[in-house]
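# Coordinate inspection notes
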Amino acid sequence: MKKILNVLMLQLLFVSIGFSQKTKTASIKKALLNGHPSWIMRGNIYEVNVRQYTPEGTFNAFAKHLNRLKQMGVQTLWFMPINPISKVDRKGTLGSYYAVSDYTAINPEFGTLADWKRLVNEIHGKGMKVIIDWVPNHTGGDHRWLTQHPDFFVKDSTGKAAMAADWVDTRQLDYKNPVMRDSMIGAMKYWITNTDIDGFRCDVAWNVPGPFWSNCIAQLKKMKNIFMLAEGDAPYLNKSGFDATYPWDMFHKMIEIAKGERPAFALDSIKYQNDTAYPKNALRMYFTSNHDENSWNKADYETMPGAVHAPFAVFTQTMVRGVPLIYSGQEEPILRPIEFFEKDPMVFKEFKRAPFYKNLLALRTRNVALSADASFRKVDVGDEAALYAFVREKAGKKVFVILNLSDKEQAVTVKDKSLYGKPYNVFMSTAEPLSGKEWKIEPWGYVVYEYAVGK
């Protein structure tokens, strides 16, 4: 009799677990919008370079900036890899964040696991989200798997673990190995289960097979309503479950326009490619700089110098199907390359761009017309070689953006009568009349109009 009761208890437990999982899955599905976490659709991302953010370079020191970032309107904090860094073949004194020695440990330079958990809790307490940088394509030169699981790695001609690409401090993982694949997924689950993060930015995602991502992301999204960002621009990444990918073509086209090498309307060809090559709900993470572009390619202080930066930043914040990124220090702004392998603290003092970003981030938060899935309509306001204008609209809300992507003053004439009236000029903080009357916009100028419901 006792044995029968034990069996019945086990059956009830399994039913309960199954019911709980179904309830959790249903809850996650309800929290989606257009297939993505609803919180990211009007959200934004701020990339955190912990090593260089403060003189201390720790989680605890970074935490002192949370109130400032919250006030600026930052929603999602993306932390560059928080894992320990390999010492074998290390580059420079401190090594690359992206040469990981242990997927389930904390870089001791940044603090402890307890420090990280406390930081995540504090971020969540402020209504913000946390995603961590994940390096699935390769490990560092002394990752523990190299001795514990040597079959997890691609071999070179000598039978040793092969270097990934030309990165001497890395070793290439072998995605043909099913145990390695499961171990990678298990390591990612660890951070959701144990530290309650809200997603991952996946480094070199473009070199990891689609079937792995489909399986991995499906499993992770059953655990929590997470956001998945891929470093890569191949459509297969969106089709494999990533919420957002990198719009490299658009970024490079923006740089060409900033240099005067291409006209403003060159952006249209990239938008057409996005509309036709990617799933209809695919999100793109727009940016004017990130850790790679800053350290190696002089973004944004030389690629979009001075006043040139602003209209492109507005573009990244208002583009259809977009999730905008701000890199550490852009609000200051830090106008130099940040060292990658050595200590090189940023100095925050003036925050000259913070009001500019605060305006844009607040607009995204309050106005559904800038939701990633809101409609987009190009508008003719003058010389399309210099001016790029468009309307975003959803649920009776409307935002009208005019950008002068040239170094010359331009004449603006709004011909679309549906845009006439007294819209709110976001950067002038006032309602102003808008009609078919010609007016001038300064070189690299920008205007953003917000329309009330029914107007």
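Above: the structure in question.
Here is a short report on the structure shown in this document. Being a predicted model, the structure only gives us computed values, none of them experimental. Think of each chain on its own: its residues are numbered from 1, step by step along the sequence as written. Restriction of local features to residues with pLDDT of at least 70 applies here, the model being predicted, together with a cutoff of 80 or more for giving and counting side-chain atom pairs; totals for whole chains, interfaces and linings are based on all residues. Water and hydrogen atoms play no part in the side-chain values, which are based on all heavy atoms of the structure.

## Digging into helix H11 (residues 266-277)
Note the cut-off: Strands are runs of DSSP state E lasting at least 2 residues, helices are runs of H or I lasting at least 4, and numbering of each runs from the N terminus. Every helix has an expected span of 1.5 Å times one less than the residues it contains. Burial classification: accessible surface area is computed with a 1.4 Å probe over protein chains only, and a residue below 20% of its type maximum counts as buried, one above 50% as exposed, and the rest as partly exposed. The directions from the helix axis to the C-beta atoms are what the arc is built from. Should any heavy atoms of two residues lie within 4.5 Å, those residues are considered in contact.
Spanning 12 residues, H11 covers 17 Å between terminal C-alpha atoms, matching the ideal 16 Å at 1.5 Å per step. Of all the positions in H11, only Ala-266, Leu-267, Ile-270, Lys-271 and Asn-274 are classed as buried. The arc that holds the buried residues of H11, viewed along the axis, is 145 degrees, so those residues lie on one side. Buried residues in H11 make contact with helix H10 (248-258), strand E11 (283-286), helix H13 (309-318), strand E13 (375-379) and strand E14 (387-394).

## Side note on H13
In terms of residue burial, H13 counts as a mostly covered element, since 10 of its 10 residues are buried. Listed in full, the buried residues belonging to H13 are His-309, Ala-310, Pro-311, Phe-312, Ala-313, Val-314, Phe-315, Thr-316, Gln-317 and Thr-318.

## Structural notes on the packing of aromatic side chains
The criterion, for reference: Note on aromatic contacts: the rings of Phe and Tyr and the six-membered ring of Trp form a pair at centre separations within 6.5 Å, being stacked when their planes are under 30 degrees apart, edge-to-face when over 60 apart, and tilted otherwise. A ring has a charge above it when a Lys NZ or an Arg CZ is no more than 6 Å from the ring centre and no more than 35 degrees off the ring normal.
Here the structure, examined in full by the defined rule, presents 39 aromatic pairs. Centroid distance Phe-356 to Phe-427: 5.6 Å. Interplanar angle 25 degrees. Geometry classified as stacked. Of the two residues, Phe-356 sits in helix H14 (residues 354-366) while Phe-427 sits in the loop between strand E17 (424-425) and strand E18 (430-431), which places them 71 residues apart along the sequence. On the basis of an interplanar angle of 75 degrees and a centroid distance of 5.7 Å, the ring pair of Phe-356 and Tyr-446 is categorised as edge-to-face. Remark: Tyr-446 occurs in strand E20 (residues 446-451) and Phe-356 occurs in helix H14; sequence separation between them is 90 residues. The class for Tyr-446 is partly exposed, based on a relative accessible area of 25%. Over the ring of Tyr-97 we find Arg-51, and its NZ or CZ is 4.8 Å from the ring centre.

## Looking at the environment of Ala-277
Tracing the chain through its elements places Ala-277 in helix H11. In this structure Ala-277 comes out as partly exposed when scored by relative accessible area, which is 31%. When the C-alpha atoms of Ala-277 and Phe-400 are compared, they prove to be 26 Å apart, with 123 residues separating the residues in sequence. Ignoring anything within four residues of it in the chain, the contact list for Ala-277 reads Pro-235 and Lys-239.

## Digging into the pairing of E14
We count it as follows: In this description, strands pair whenever DSSP reports at least two bridges between them.
For E14, the tally of buried residues reaches six of eight residues, placing the bulk of the element in the interior. Inspection of the sheet shows E13 paired to E14 by five bridges, in the antiparallel sense. What sits directly across from Lys-378, in E14, is Phe-390. As paired strands, E14 and strand E15 (residues 397-404) are joined by eight bridges and run antiparallel to one another. Its bridge partner being in E15, Ala-389 is matched across the sheet by Ile-402. Between the end of E14 and the start of E15, which pair antiparallel, lie two residues, with Ala-395 showing a positive phi angle near 50 degrees.

## Points about unusual backbone geometry
Excluding glycine, residues mostly have negative phi values, and the peptide bonds linking residues are mostly trans. Each neighbour pair has its own omega, and for Ala-299 with Asp-300 the value is -5 degrees, a cis peptide bond. Residue placement: Asp-300 occurs in the loop between helix H12 (291-297) and H13. Of note in this structure, Lys-298 is not a glycine but carries a positive phi near 60 degrees. Along the polypeptide, Lys-298 turns up in the loop between H12 and H13. In this structure Lys-298 comes out as partly exposed when scored by relative accessible area, which is 41%. A positive phi is found at Phe-351, a non-glycine position, where the angle reads about 50 degrees. Mapped onto the elements, Phe-351 comes out in the loop between strand E12 (322-327) and H14.

## Describing the sheet that holds strand E5 (residues 129-134)
Read once around its circumference, the closed barrel built from eight strands follows the order E3-E4-E5-E8-E9-E10-E11-E12, with strand pairing classed as parallel. Two elements, strand E3 (residues 45-48) and E12, share three bridges in a ladder whose sense is parallel. Looking at E12, one finds that Tyr-46 is bridged to Ile-326.

## Let's talk about the pattern of salt bridges
Note the following rule: Each reported salt bridge corresponds to a side-chain nitrogen of Lys or Arg within 4 Å of a carboxyl oxygen of Asp or Glu.
According to the stated counting rule, one finds 25 salt bridges in the structure shown. Linking Glu-331 and Arg-68 is a salt bridge whose minimum nitrogen-to-oxygen distance equals 2.9 Å. Taken together, the residues span a long stretch of sequence, with Glu-331 in the loop between E12 and H14 and Arg-68 in helix H4 (residues 66-72) at a distance of 263 residues. Of the residues examined, Glu-331 reaches a relative accessible area of 0% and is grouped as buried.

## Section: the sheet that holds E18
Remark on secondary structure: sheet strands pair via backbone hydrogen bonds, oriented parallel or antiparallel. For clarity, the threshold we go by: Axis angles are defined between N-to-C directions and span 0 to 180 degrees, where every axis is a line fitted to C-alpha atoms and, for a helix, only to the segment in contact.
Reading across from one edge, E13-E14-E15-E20-E17-E18 is the order of the six strands in this open sheet, with antiparallel pairing throughout. The open sheet has two free edges, formed respectively by E13 and E18, since each of these has just one partner strand. Note: E15 against E20, six bridges, orientation antiparallel. Of the residues in E20, the one forming a bridge with Val-401 is Val-448. Where H14 meets the sheet, its contacts fall on E15, E17 and E20, and the angle it forms with E20 comes to roughly 30 degrees.

## Some remarks on the nonpolar core
Note the threshold: In this text, buried Ala, Val, Leu, Ile, Met, Phe, Trp, Tyr and Cys residues form a nonpolar core when linked through side-chain atoms within 4.5 Å.
Core analysis: the largest hydrophobic core is formed by 124 residues, its most contacted members being Tyr-46, Leu-77, Phe-79, Trp-116, Trp-134, Phe-200 and Trp-213. The contact partners of Leu-77, leaving out residues within four places of it in the chain, are Tyr-46, Val-48, Phe-62, Leu-66, Leu-69, Ile-123, Met-128, Lys-129, Val-130 and Ile-131. By size, the runner-up hydrophobic cluster in this structure holds 15 residues, among which are Val-381, Ile-402, Val-414 and Ile-441.

## Re the pairing of E5
Spelled out, the test is: Crossover handedness is defined here as right-handed if the route from the first strand over the helix to the second strand goes clockwise, with the strands pointing away from the viewer.
Judged by how many residues are buried, E5 sits mostly within the fold: five of six residues are covered. One ladder, built from four bridges, connects strand E4 (residues 76-79) with E5; its direction is parallel. When the sheet's bridge partners are listed, Trp-78 is paired in E5 with Ile-131. Considered for its hand, the β-α-β crossover made up of E4, helix H5 (residues 113-125) and E5 is right-handed.

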